[in-house]
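The lines below spell out each chain.
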Amino acid sequence: MKRLRLVVDPIACDGRGVCRDLLPEVVALDDWGFPILPAGPLPPEVVADARRAVSLCPRLALRLVEMTGA
Amino acid sequence: MTLLVPPAPVTPPVGPARLIAPDTGPSLGEHLARLGPLPRPTGDLPAMVTAAGVRGRGGAGFPTGTKLAEVAGAGESKYVVANGTEGEPLSAKDRALLTASPHLVLDGMVAAALAVRAGTAILCVSEGRPDVLAAVRRAVAERRDPVEVVVAAVPDRYVAGQETALVNWLSGGDAVPTSGPRPARRGVRGRPTLVDNVETLAHVGLVARFGAGWFRSLGLPEEPGTALVTVAGGVARPGVYEVPIGYPLGQLLARAGAGPVGALAVGGYFGTWIDPVRGLAAPLSDAGLGPLGARLGAGCLAVLPTDSCALAEVAAVADWFAASSAGQCGPCLFGLADLAAAVRWLLAGRPEGAPAADRWSAMVEGRGGCHLPDGAARWVRSALAVLGQEIEWHRAGGCGRPYRGYLPAPVPGGRA
């Protein structure tokens with residue numbers, strides 16, 4: 001099974017918080033309202049919600065990338 | 001009958017004055033008399049540079065031969081960009097080099113351009129350095145090169161010198177960092193681009209002439225060659241010194257006229273505060289500085305004498321970091337301002353300063369589109385680690401020593 005990870009383009013991100021609203025279990029916000037994403041792979045049960053967050057990010061700043069290696 | 005007089009054989013430089021020779025002027029004639037012409041063809045330059053062990057002198061220390069080989073193997077219509085913007089406020093080495101030995105940098109650019117089959121080589125200098133721009137333009141006008149050589153005056157702020165910002169600006173965009181592929185793949189105008197620091201390219205200009213064995217005859221086996229090191233701060237003879245890598249740090253500070261050292265940062269503002277006692281005994285190399293949590297980086301030493309308030313200097317530079325944000329990334333724009341405020345709290349003796357500085361330095365690290373927030377985080381965190389006694393004094397009412405402004409913290413253009 002593919003191991004997927006969320007990444008944010010910090011230049012594009014405006015801190016609108018949509019990803020946090022849709023993925024409260026994996027996305028934290030820093031003290032300034034910008035998302036802190038887990039470095040490791042997403043639990044399989046949130047991948048569908050993560051795809052939704054990627055497509056709904058108003059700044060198109062969020063991506064799902066396949067993790068390579070161990 | 002015409003007598004063909006062969007040029008006098010040139011002896012490769014002996015001793016550490018390789019890049020900047022104190023008795024040689026910047027003209028093409030003096031340059032050729034000292035080093036001879038650049039051989040053409042230069043042979044397999046990526047392999048020679050790899051064998052020499054040249055690593056990037058802009059701060060990152062990436063193996064230069066590897067980058068040359070990558071761009072050599074990538075596409076057509078390529079560019080070489082020589083980064084002489086020197087955004088690190090404490091560093092003076094690149095402008096010293098460009099002023100004293102502009103032709104050696106240009107030779108390295110031309111050799112690299114021929115090796116990677118780039119048609120254009122662009123030398124980038126900050127527009128805030130008109131004297132350096134004049135020196136390099138004068139040098140370019142003296143030469144006839146087999147590739148197009150262009151001088152570009154780049155906006156004067158730290159982030160403009162980040163390689164993606166340079167590439168974006170040279171392609172017609174703003175001088176701000178971008179996300180996306182590395183310049184070696186997609187650089188100026190979308191073409192594969194070799195971006196190297198000007199000191200790195202000057203070393204390439206020497207390796208092309210005198211080979212890898214000569215290059216390795218100074219320095220350490222694992223970190224060969226010489227490096228230009230800027231000694232800044234409270235010393236009697238601040239300036240740029242060329243030393244073999246591995247040179248004793250304490251000996252260099254003695255040459256620069258340092259008195260009793262209260263605090264010491266290696267690598268400039270993008271470097272690390274280290275314990276001065278251990279630092280003075282360390283060799284100037286990654287291997288020697290690694291155990292102290294530092295690297296040689298772009299070769300920049302910040303020296304604070306015992307008569308000055310080190311924490312106030314740290315705070316002024318933390319303010320500089322905040323003012324240098326391009327404002328593109330939230331954690332940098334807001335986080336560096338808060339981080340600078342936390343250092344001001346430490347300076348004022350407020351107990352919430354230390355936990356706030358810890359929290360915000362961790363929170364900004366790795367979260368920008370360029371390395372500005374990482375540099376700010378390292379600057380503050382390493383200061384907290386070695387200035388514990390100072391911080392205690394400030395908690396107790398002050399260290400009793402004045403802020404002397406040894407570390408310049410110019411407010412970048414366009415932001416008050």
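Please refer to the structure placed before this passage.
Since this is a predicted model, take the numbers as computed values, not measurements. (Residues numbered from 1 in each chain as written. Chains lettered and ligands numbered in written order. Predicted model: local features only at pLDDT ≥ 70, side-chain atom pairs only at ≥ 80, totals over all residues. Heavy atoms only, no water.)

Participant: Explain the overall build of chain B here, please?
Facilitator: A tally of helices and strands in chain B yields 16 helices and nine strands. Here the C-alpha radius of gyration of chain B, 22 Å, is about what a compact globule of 416 residues would show, namely 22 Å. Along the first, second and third principal axes, the C-alpha atoms of chain B reach 85 × 45 × 35 Å. By residue count, 56% of the 416 residues in chain B fall in the buried class. Across chain B, the fraction of contacts at a sequence separation of at least 24, relative to all contacts at a separation of at least 6, is 70%. For chain B, the computed accessible surface area is about 16200 Å², with 57% contributed by carbon and sulfur atoms. In chain B, which carries 37 positive and 34 negative side-chain charges, the distance between the mean positions of the two groups comes to 3 Å. (Helix = DSSP H or I, 4+ residues; strand = E, 2+ residues; numbered from the N terminus. Rg over C-alpha atoms; globule rule 2.2 N^0.38 Å. Buried < 20%, exposed > 50% of the residue type's maximum accessible area, 1.4 Å probe, protein only. Contact = heavy atoms within 4.5 Å. Areas by Shrake-Rupley, 256 points an atom, 1.4 Å probe, with all protein chains shown as cover. Lys, Arg positive; Asp, Glu negative; His and termini not counted. Charge placed at Lys NZ, Arg CZ, Asp CG, Glu CD.)

Participant: Just to check I follow, could you spell out the overall build of chain A for this structure?
Facilitator: From N to C terminus, chain A includes two helices and four strands. Start at the N end of chain A and walk to the C end: the helices and strands fall as β-α-β-β-α-β. Its C-alpha atoms give chain A a radius of gyration of 11 Å, near enough to 11 Å, the size a compact globule of 70 residues would have. In terms of overall dimensions, chain A has C-alpha extents of about 35 × 20 × 20 Å along its principal axes. When the 70 residues of chain A are sorted by exposure, 37% land in the buried category. Surface accessibility of chain A: about 4000 Å² in total, with carbon and sulfur atoms responsible for 53%.

Participant: For this particular structure, what's the right way to read the sheet that holds strand β8 (residues 272-274) of chain B?
Facilitator: Strands in a sheet are paired, the pairing made by backbone hydrogen bonds, and the direction either parallel or antiparallel. All names here are of chain B. The five strands are arranged β6-β5-β9-β7-β8 in an open sheet whose pairing can be described as mixed. The two strands at the open ends of the sheet, each matched to only one other strand, are β6 (239-244) and β8. Averaged over all pairs of adjacent strands, the angle between their axes in this sheet comes to 30°, without regard to strand direction. Where strand β5 (residues 226-233) meets β6, six bridges bridge the pair, whose relative direction is antiparallel. (Pairing = 2+ DSSP bridges. Axes fitted to C-alpha atoms, helices over the stretch in contact; angles between N-to-C directions.)

Participant: Looking at this model, I keep getting lost on the environment of Ala256(B). Mind explaining?
Facilitator: Residues and elements named next belong to chain B. Tracing the backbone through its elements, the reader meets Ala256 in the loop between α9 (249-255) and β7 (261-266). Note on Ala256: relative accessible area 0%, which makes it buried. Along the primary structure Ala256 and Gly234 are separated by 22 residues, whereas in three dimensions their C-alpha atoms are 9.8 Å apart. When near neighbours in sequence (up to four residues on either side) are disregarded, Ala256 contacts Val231, Val235, Ala236, Arg237, Pro238 and Tyr241.

Participant: I would appreciate a short explanation of the environment of Ala337(B) in the present structure.
Facilitator: Residue and element names in this part refer to chain B. Within the secondary structure layout, Ala337 lies in helix α13 (residues 330-347). Overall, the relative accessible area of 39% leaves Ala337 in the partly exposed class. Spatially, the C-alpha atoms of Ala337 and Phe321 are 8.2 Å apart, while their sequence positions differ by 16 residues.

Participant: Would you mind going over the nonpolar core with me for this structure?
Facilitator: Inside soluble globular proteins, nonpolar side chains tend to come together where they are buried. Judged by nonpolar contacts, the single largest core of 68 residues is most densely connected at Tyr269(B), Trp273(B), Phe321(B), Leu372(B), Trp379(B) and Leu407(B). When residues of this core are traced back to their parent elements, those giving at least two are β1 (4-8) and α2 (47-56) of chain A together with β7, β9 (300-305), α12 (310-324), α13, α14 (353-364) and α15 (372-386) of chain B. Tallying contributions element by element places α12(B) first for this core, with ten residues. Once residues within four sequence positions are removed from consideration, Phe321(B) is found in contact with Tyr269(B), Phe270(B), Leu336(B), Leu372(B), Gly375(B), Ala376(B) and Trp379(B). Grouped together as the second largest cluster of nonpolar side chains are 49 residues, Leu45(B), Val49(B), Val71(B) and Val198(B) included. (Core = buried A, V, L, I, M, F, W, Y, C linked by side-chain atoms within 4.5 Å.)

Participant: I tried to follow the pattern of salt bridges on my own but got confused; where do I start?
Facilitator: Side chains carrying opposite charge are able to pair once their charged atoms draw close together. Residues and elements named next belong to chain B. The tally for this structure, following the rule as stated, stands at 22 salt bridges over all chains. One salt bridge in this structure joins Asp319 and Arg344, with 2.5 Å as the shortest N-O distance. With a gap of 25 residues between them, Asp319 in helix α12 and Arg344 in helix α13 connect regions that are remote in the sequence. The class for Asp319 is partly exposed, based on a relative accessible area of 30%. Residue class for Arg344 comes out partly exposed when judged on its relative accessible area of 34%. (Salt bridge = Lys/Arg side-chain N within 4 Å of Asp/Glu carboxyl O.)

Participant: Looking at this model, I keep getting lost on the packing of α14(B) against α15(B). Mind explaining?
Facilitator: All names here are of chain B. As a packed pair, α14 and α15 sit with axes 8 Å apart at the nearest point and diverge in direction by 150°. By the angle between their directions, the pair α14 and α15 is classed as roughly antiparallel. As for the relative orientation of α14 and α15, their crossing is left-handed in sense. Here α14 contributes Ala354, Ala357, Asp358, Ser361, Ala362 and Val364 to the contact with α15, which in turn contributes Pro373, Asp374, Ala377, Val380, Arg381 and Leu384. Here the contact of α14 with α15 is composed, by residue class, of eight nonpolar, one polar and three charged. (Parallel < 35°, antiparallel > 145°, perpendicular 65-115°, else oblique. Left-handed = near helix turned anticlockwise from the far one by under 90°. Nonpolar A, V, L, I, M, F, W, Y, C, P; charged D, E, K, R; others polar.)

Participant: Help me out: how do you make sense of the interface of chain A and chain B in this one?
Facilitator: It is common to give the size of an interface as the accessible area that goes away when the parts come together. Taken residue by residue, the interface counts nine residues in chain A and 17 residues in chain B. Where chain A abuts chain B, roughly 1100 Å² becomes buried across the two surfaces, and 62% of that area is made up of carbon and sulfur atoms. Scanning the region where chain A abuts chain B turns up two salt bridges. The residue Asp30(A) makes a salt bridge to Arg367(B) at a minimum N-O spacing of 2.7 Å. Viewed at the interface, chain B and chain A are joined by six residue pairs in polar contact (both at pLDDT 80 or more). (Buried area = accessible area lost by both parts, 1.4 Å probe. Polar contact = N/O pair within 3.5 Å; in protein donor to acceptor, adjacent residues only side chain to side chain.)

Participant: Just to check I follow, could you spell out the side chain of Ser285(B) for this structure?
Facilitator: Residue and element names in this part refer to chain B. Its location among the elements puts Ser285 in the loop between α10 (276-280) and α11 (286-289). Note on Ser285: relative accessible area 1%, which makes it buried. Within polar-contact distance, the side chain of Ser285 engages the backbone nitrogen of Gly288 at 2.8 Å. Ignoring sequence-local partners within four residues, the contact set of Ser285 consists of Leu220, Glu223, Ile245, Gly246 and Leu296.

Participant: Honestly, the packing of aromatic side chains in this entry has me stumped. Any pointers?
Facilitator: Here a ring pair, both rings aromatic, is described through the centre-centre distance and the interplanar angle of the planes. Residues and elements named next belong to chain B. Under the defined criterion, the tally for this structure stands at nine aromatic pairs over all chains. Centroid distance Trp345 to Trp360: 6.0 Å. Interplanar angle 55°. Geometry classified as tilted. Placement of the pair is Trp345 in helix α13 and Trp360 in helix α14, with a sequence separation of 15 residues. We classify Trp360 as buried; its relative accessible area is 12%. Three or more aromatic residues link up through ring pairs in this structure, and these residues are Tyr269, Phe270, Trp273, Trp320, Phe321 and Trp379. Looking at Arg18, its charged tip hangs above the ring of Trp214, at a distance of 3.8 Å from the centre. (Phe/Tyr/Trp six-rings, centres within 6.5 Å; stacked < 30°, edge-to-face > 60°. Lys NZ or Arg CZ within 6 Å of the ring centre and 35° of its normal.)

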